[in-house]
Amino acid sequence: MKSIIFATSFSPEYSQHINDENPLETLKIIRKELNIQDFRLGLRWNTVEQNTKCTLQYYERYIDYLIKNNCKICLNVGPIKVMRWPEEHIPDRVEADDINTVQKDSDLAKHAIEYLNKVLTLLKKKYGKDIENNEKISFQIENESYNRFGHKRLTMSDEYMLEVAKILNTYFPKNTLMLNSSKRNDIRNIMSFFETLTDENIYTWEQLVLGINFYFRLPIKFLKRLNPWIFTKPFSMSLRELKRLQKERGFNIEISEAQFEPWGFQKSPGNSYDDLDYILRVATRVFLDGCSPKIVRLWGTEELGLKMKEGRLNNQHTMIIEKIREGNSILS
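Residues numbered from 1 in each chain as written. Predicted model: local features only at pLDDT ≥ 70, side-chain atom pairs only at ≥ 80, totals over all residues. Heavy atoms only, no water.

**Student:** How should the packing of aromatic side chains be read in this particular structure?
**Tutor:** Here the distance between the centres and the angle between the planes together describe a pair of aromatic rings. Scanning the entire structure with this criterion turns up 13 aromatic pairs. Note on F10 and Y62: the rings are 6.2 Å apart at their centroids and 45° apart in plane angle, and the pair reads as tilted. Note that F10 is positioned in strand β1 (residues 4–10) and Y62 in helix α4 (residues 57–68), a separation of 52 residues in sequence. As far as burial versus exposure is concerned, F10 and Y62 are alike and both buried. Ring geometry for F216 against Y278: centres 5.1 Å apart, planes inclined by 45°, an arrangement best described as tilted. With F216 in the loop between β10 (208–214) and α8 (239–249) and Y278 in helix α9 (residues 273–282), the pair connects residues that are 62 residues apart, well separated along the chain. What makes F216 buried here is its relative accessible area of 0%. Owing to a relative accessible area of 7%, Y278 belongs among the buried residues under this scheme. (Phe/Tyr/Trp six-rings, centres within 6.5 Å; stacked < 30°, edge-to-face > 60°. Helix = DSSP H or I, 4+ residues; strand = E, 2+ residues; numbered from the N terminus. Buried < 20%, exposed > 50% of the residue type's maximum accessible area, 1.4 Å probe, protein only.)

**Student:** Just to check I follow, could you spell out empty space enclosed by the protein for this structure?
**Tutor:** It is a probe the size of a water molecule, rolled over the atoms, that shows where empty space is left. The tally for this structure, following the rule as stated, stands at 1 cavity of 30 Å³ or more. Within this model, the largest cavity holds a volume of roughly 50 Å³. Considering the residues around the largest cavity, the lining is formed by F10, S11, P12, E13, L41, G42, R44, Y59, V82, M83 and R84. Put simply, the parts of the chain that give the lining of the largest cavity at least two residues each are α1 (12–17) and β2 (38–42). For the lining of the largest cavity, the class distribution of residues is 6 nonpolar, 2 polar and 3 charged. (1 Å grid on protein atoms, 1.4 Å probe; cavity = no way out; pocket = protein on both sides within 12 Å on 5 of 7 lines; lining within 4 Å. Points joined across faces, edges and corners; volume = space filled by probe spheres on them. Nonpolar A, V, L, I, M, F, W, Y, C, P; charged D, E, K, R; others polar.)

**Student:** I would appreciate a short explanation of the pairing of strand β9 (residues 176–182) in the present structure.
**Tutor:** Working note: regular strand, side chains alternate between the two faces of the sheet. Where burial is concerned, most of β9 is hidden: 6 out of the 7 residues are buried. Here 3 bridges tie strand β7 (residues 137–141) to β9, and the two strands are oriented parallel to one another. The partner of F139 across the bridge, within β9, is L177. With 6 bridges joining them, β9 and β10 adopt parallel strand pairing. Each residue of the ladder has a partner; that of L177, found in β10, is L208. Traced from β9 through helix α7 (residues 187–199) to β10, the parallel crossover comes out right-handed. (Pairing = 2+ DSSP bridges. Right-handed = clockwise from strand over helix to strand, strands pointing away.)

**Student:** Hey, could you run me through a nonpolar patch on the surface in this one?
**Tutor:** A surface patch of nonpolar side chains, about 310 Å² in accessible area, is lined by W85, F149 and W263. Of note, W263 is situated in the loop between β11 (252–259) and α9. Assessed through its relative accessible area of 34%, W263 is described here as partly exposed. (Patch = residues over 30% accessible without salt bridge, like charges linked within 9 Å, V, L, I, M, F, W, Y side chains within 5 Å. Areas by Shrake-Rupley, 256 points an atom, 1.4 Å probe, with all protein chains shown as cover. Salt bridge = Lys/Arg side-chain N within 4 Å of Asp/Glu carboxyl O.)

**Student:** Mind showing me how you'd approach the pattern of salt bridges here?
**Tutor:** Considering all chains together, one arrives at 27 salt bridges under this definition. The salt bridge involving E132 is made with K124; its shortest N-O contact spans 2.2 Å. Relative accessible area serves as the criterion here: at 32%, E132 is assigned to the partly exposed category. Each member of the salt-bridge network shares a partner with another, and the members are R188, E241, R244 and E248.

**Student:** Would you explain unusual backbone geometry in this entry?
**Tutor:** Keep in mind that most residues, glycine aside, have a negative phi and that most peptide bonds are trans. A cis geometry characterises the amide bond from W85 onward to P86, with omega recorded as 10°. Along the chain, the position of P86 falls in the loop between β5 (72–78) and β6 (101–102). In the segment running from S292 into P293, the intervening peptide bond is cis, with an omega of 0°. Mapped onto the elements of the fold, P293 is located in the loop between α9 and β12 (294–299). Positive phi, close to 60°, is recorded for N35, a residue that is not glycine. Tracing the backbone through its elements, the reader meets N35 in the loop between α2 (23–33) and β2. When its relative accessible area of 14% is taken as the criterion, N35 is described as buried. A positive phi angle, close to 45°, is found at E144, a residue other than glycine. Take E144: it is sitting in the loop between β7 and β8 (155–156). Relative accessible area serves as the criterion here: at 7%, E144 is assigned to the buried category.

**Student:** Mind showing me how you'd approach the sheet that holds β12 here?
**Tutor:** Sheet strands pair via backbone hydrogen bonds, and the direction of the pair is either parallel or antiparallel. On the basis of which strands lie adjacent, the closed barrel formed by 8 strands has the order β1-β2-β5-β7-β9-β10-β11-β12 and parallel pairing. Neighbour to neighbour, the strand axes of the sheet diverge by 30° on average, direction disregarded. Pairing of β10 with β11 involves 6 bridges; the strand directions are parallel. For V209, the partnering residue across the bridge sits in β11 and is N252. (Axes fitted to C-alpha atoms, helices over the stretch in contact; angles between N-to-C directions.)

The following block contains the structure:
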């Protein structure tokens, strides 16, 4: 446990969805009571853009609080796919039907790139001095970009992704970039894209992070638990090969989403100490021996934080909280 640090993703929109009247207070509880100091925030296109004008107003209170408290922040800027369902947070004015893969020269891509420049301009204007050259601030583009998951089931072409990465690098050239894979399914695609980024001197290998999403209780009847490292697409990259590449090239790896909330009839994630123990025993096999720290980004702390705020904790929650505190005690 000494080398494992628990991070999280936090969505104020999701907090409101589960009837949290004050998501910022919940975020504060997660930081203070769980000692989580590393947060991923998703900036949704259809939230930032209001009546064709772009503003960070909805997210500022969260970004301001995390910066003030010297937290690590991963900004998932999309622009099309941002964490949490329905994944593709596209304004109604933008046509996105009948598209399978977003191509660089498509109308959707043109709208997305125009928006991306606007939101990055806003971030640079308001937070430039806090973000630039700050190793605690990183970015993610297009959540699960090669996975056909989301309301519109969009995936991204390499040409489009390269354009997005170039634009991000123009605004924030020194910051780390993360891309994530659904289980082992998309690792080959991401590694190939990373090679393009480094070959064209857009990013160095040390600036790149491979995130892997780890979901083991799926909303499938009669399925209790599934090991994502075993049950994956044919010909997906093995953990052995991935570790070899990491040793050779020097990129980082994190568990970008470790299932920590219920999904469908699966009620135990986030409510079962045994499930958390499973993550620590199985998900962490992706890390190199001796790797420190091992970042495990819990998916669903909004729900635990709300339970803590409302005093709805049981013995399982108490054990979970103590385990997270234990893991993050080195941060104190």
